[in-house]
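In case you want the letters, here they are:
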Amino acid sequence: MIKDDMAIHAGVPEKAVKAALKQLRDHAELAEVTWDTARSRPGRPIKVYFEAATMEQIRAAKTRLEQRLNEGGFDLYP
């Protein structure tokens with residue numbers, strides 16, 4: 001298994017990140033990807049840890065997460 005992480009700007013609420021992660025379950029191509037979030041602290045980036053068989057699956061999950069957050073009106077790169 002390959003592991004990778006993603007840091008999301010502290011300006012994005014943790015609830016929004018968790019809701020976007022739940023929406024990723026709707027995509028069949030991401031069924032093999034698992035993730036976990038680290039305990040967040042105010043003013044610090046939110047860390048999401050991904051695990052999958054291939055790096056392409058992880059990249060697809062990260063891209064989908066970014067799309068969902070952008071659609072929600074959150075700017076990931078302020």
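In what follows, the structure referred to is the one given above.
Parameters and conventions
- Residues numbered from 1 in each chain as written.
- Predicted model: local features only at pLDDT ≥ 70, side-chain atom pairs only at ≥ 80, totals over all residues.
- Heavy atoms only, no water.
- Helix = DSSP H or I, 4+ residues; strand = E, 2+ residues; numbered from the N terminus.
- Buried < 20%, exposed > 50% of the residue type's maximum accessible area, 1.4 Å probe, protein only.
- Areas by Shrake-Rupley, 256 points an atom, 1.4 Å probe, with all protein chains shown as cover.
- Lys, Arg positive; Asp, Glu negative; His and termini not counted.
- Charge placed at Lys NZ, Arg CZ, Asp CG, Glu CD.
- Polar contact = N/O pair within 3.5 Å; in protein donor to acceptor, adjacent residues only side chain to side chain.
- Pairing = 2+ DSSP bridges.

Colleague: Where do I start with the overall build of the protein chain in this structure?
Modeller: Secondary structure summary: the protein chain contains two helices and three strands in total. When the helices and strands of the protein chain are placed in sequence order, the string is β-α-β-β-α. Overall, the protein chain is about 30 × 25 × 20 Å in size when its C-alpha atoms are taken along their principal axes. Per-residue burial over the protein chain gives 29% buried out of 78 residues. For the protein chain, the exposed surface amounts to about 5100 Å²; the carbon and sulfur share of it is 49%. Positive and negative charge centroids in the protein chain, built from 13 and 12 side chains respectively, lie 7 Å apart.

Colleague: Quick question: what am I supposed to make of the side chain of H27 here?
Modeller: Inspection of the secondary structure assignment puts H27 in the loop between α1 (14-24) and β2 (34-37). A polar contact is formed between the side chain of H27 and the side chain of R68, at a distance of 2.9 Å.

Colleague: How should the pairing of strand β3 (residues 46-52) be read in this particular structure?
Modeller: Regular strands have side chains that alternate between both faces of the sheet. Where burial is concerned, the two faces of β3 differ: the one with I46, V48, F50 and A52 is buried and the one with K47, Y49 and E51 is not. Here strand β1 (residues 2-8) pairs with β3 via seven bridges, running antiparallel. Each residue of the ladder has a partner; that of K3, found in β3, is E51. The pairing of β2 with β3 spans four bridges and is classified as antiparallel. By the bridge assignment, D36 is partnered in β3 with Y49.

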